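Examining the three-dimensional arrangement
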Amino acid sequence: MTIDKAEVIVTSPDRNFVTLKLTTADGITGLGDATLNGRELAVVAYLSEHVVPLLVGADEGRIEDTWQFLYRSAYWRRGPVTMAAIAAVDMALWDIKGKRAGMPVYQLLGGASRTGLLAYGHASGKELPELFDSVREHLEQGYRAIRIQTGVPGLKAIYGIASQAADTFGGEVRYDHEPARRGVKPVEEDWDTRSYLRHLPGVFEAVRNEFGPELPLLHDGHHRMTPIQAAKLGKELEPYDLFWLEDCTPAENQEALRLVRQHTTTPLAIGEIFNTVWDFKDIIREQLIDYVRGAVTHMGGISPLKKTLDYAAMYQIKSGMHGPTDISPVGMAAAMHLGLAIHNFGIQEYMRHGARTDHVFRQSFTWRDGLLHPGDAPGLGVELDVDEAGKYPYEQAYLPYNRLADGTVHDW
Ligand SMILES: [Mg+2]
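For clarity, every value in this text was computed on a predicted model and none was experimentally measured.

What counts and what doesn't
Position numbers for residues start from 1 in each chain and track the written sequence from start to end. In view of the model being predicted, local features appear only for residues whose pLDDT reaches at least 70, and side-chain atom pairs are presented and counted only at 80 or more, with totals across whole chains, interfaces and linings using the full set of residues. Calculation of side-chain values draws on the structure's entire complement of heavy atoms; hydrogens and water are dropped beforehand. Exposure classes here rest on a 1.4 Å probe applied to the protein chains alone. A residue is buried below 20% of its type maximum, exposed above 50%, and partly exposed in between. Under the scheme used here, helices are H or I runs from DSSP no shorter than 4 residues and strands are E runs no shorter than 2 residues, and both carry numbers assigned from the N terminus. Strand pairing is defined by DSSP finding a minimum of two bridges between the two strands. Axis lines are fitted through C-alpha atoms, for helices just across the contact stretch, and the angle between N-to-C directions can take any value from 0 to 180 degrees. Note on definitions: a residue-residue contact is assigned when non-hydrogen atoms from the two residues lie within 4.5 Å. Every definition here rests on a 1 Å grid over the protein atoms only: cavities are sets of points where a 1.4 Å probe fits but cannot get out, pockets are open sets enclosed by protein on both sides within 12 Å along at least five of seven lines, and lining residues have some atom within 4 Å of a point. Grid points are joined across faces, edges and corners, and a volume is the space filled by probe spheres set on the points. Note that Gly is not counted as nonpolar here; it falls among the polar residues with everything else outside the nonpolar set of Ala, Val, Leu, Ile, Met, Phe, Trp, Tyr, Cys and Pro and the charged set of Asp, Glu, Lys and Arg. We define a polar contact as two N or O atoms separated by no more than 3.5 Å, with the added condition that, inside protein, one atom must be a possible hydrogen donor and the other a possible acceptor, whereas residues neighbouring each other in sequence contribute only through side-chain atom pairs.

A few words on the pairing of strand β10 (residues 217-220). The two faces of β10 match: Leu217 and His219 on one face and Leu218 and Asp220 on the other face are all buried. Two elements, strand β5 (residues 146-150) and β10, share two bridges in a ladder whose sense is parallel. The residue bridging isoleucine 146 from the neighbouring strand is leucine 217, located in β10. Where β10 lies against strand β11 (residues 244-246), three bridges are found, and the strand directions are parallel. Each residue of the ladder has a partner; that of histidine 219, found in β11, is leucine 245.

It is worth spelling out the sheet that holds strand β3 (residues 29-33) at this point. Strand pairing in a sheet relies on backbone hydrogen bonds, with the paired strands running either antiparallel or parallel. Ordered in space as β1-β2-β3, the three strands form an open sheet in which the pairing is antiparallel. Looking at the sheet topology across the chains shown, the edges are occupied by β1 (3-11) and β3. Taken pair by pair, the neighbouring strands of this sheet meet at an average axis angle of 20 degrees, ignoring direction. Here eight bridges tie β1 to strand β2 (residues 17-24), and the two strands are oriented antiparallel to one another. Within β2, the position partnered with valine 10 by the bridge is valine 18. In this fold helix α3 (residues 80-101) packs onto β1, β2 and β3, with an angle of close to 150 degrees to the strand it touches most, β3. In the packing of helix α11 (residues 329-341) onto the sheet, contacts are made with β2 and β3, and the angle to β3 comes to roughly 95 degrees.

The next thing to look at is empty space enclosed by the protein. Within this structure, the stated rule accounts for two cavities of 30 Å³ or more. Considering only enclosed or pocket space, the largest cavity measures out at about 70 Å³ in volume. The wall of the largest cavity is formed by Gln149, Thr150, Ile158, Tyr159, Trp191, Tyr196, His219, Asp220, Gly221, His222 and Arg224. Looking at the lining of the largest cavity residue by residue, the class counts come to four nonpolar, five polar and two charged. In terms of lining, the second largest cavity is formed by Pro329, Met332, Ala333, Met336, Gln363, Ser364, Phe365, Pro374, Leu380, Gly381 and Val382. Of all the elements, α11 adds the most residues to the lining of the second largest cavity, at four residues. For the lining of the second largest cavity, the residue count by class is eight nonpolar, three polar and no charged.

A few words on the side chain of histidine 219. Mapped onto the fold, histidine 219 is located in strand β10. Looking at histidine 219, its side chain comes within polar contact range of the side chain of tyrosine 196, at 2.7 Å. Here histidine 219 is in contact with Arg147, Ile148, Gln149, Tyr196, Leu200, Phe204, Leu242, Trp244, Leu245 and Glu246, once residues within four sequence places are set aside.

Spelled out as structure tokens, the structure:
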């Protein structure tokens, strides 16, 4: 069957989301997530101007061929905008194929390899008591693995510390962990790596003393350290048995990971800003990482991320798919179907979307006993309420950025 209609839908219920909706000649619809946090409209233009005209009349069943056509025919390859656009097409075609077959997408990928997906949430606090409260809230919500981020003495604002603004839509109270702020300019934050390195091991010691040795703990370095600083931190965190240390150095310099590896046995996770298998090729082959952080939405879709993870499996490297709230419910569903099917699933990042988002995107996933499951609805299991989406027009929003004390721009 051919694709009759391709629409790009932008909505901003709790934050901005870009969704591609394909409709076949006989009325089956498929959804794909094309959200690129802070640069959303660039992907909207790429899809609307250059991809939608190519999809109308195309064969809905040819997922791999369509992917290769979009990737190779553009001549200009890779990059977050291109790959988010292609990802949306790939997801939407898998969604349609699942609906056509009457099966959830994970069945088409080989069926379930487990009963559910271990997920981790984001606990944070400026000081230890606030952090401990946040860990307890997550445990009460059922999380069995928790990322730990804290304030650093002397720094005003820092990545990963939840703002205290609560979402009261529908009577729900929820802390806002989404760092993208609405406004015409990005918010400036401050940073000092030496202060951070002095402070963090004590935080993990306190958390282990409070919550014991069993709870899997994670931490995100957010690309802020030099290789030798990351090596030092990894080594100092070894007594606290981290599940992983994420993005310890800027991802562009992949050789840095060799140096880090020589000094520490703390597991390393990297790749949320990567967008093709080529970004992972060498660091997987050289076994410089333990977890692949790619997101279905930013890696070009289910098809290429599955190939990347199958390649990683040869080296006992597992998945750790990116999943904060800037991945839409469609992108999260795609991650859950892929994670359920592959053998080398590791863990899934999971932040709850706000109630407005859950009204716009009707979802069929479940969250029970700390495990996610995509559900058994045909396709990806997500439907977009277009009328509800129309109530929330796009609003300019940017991720914050960092400056050091002397005014130098640093990695955020
Ligand atoms: Mg991260």
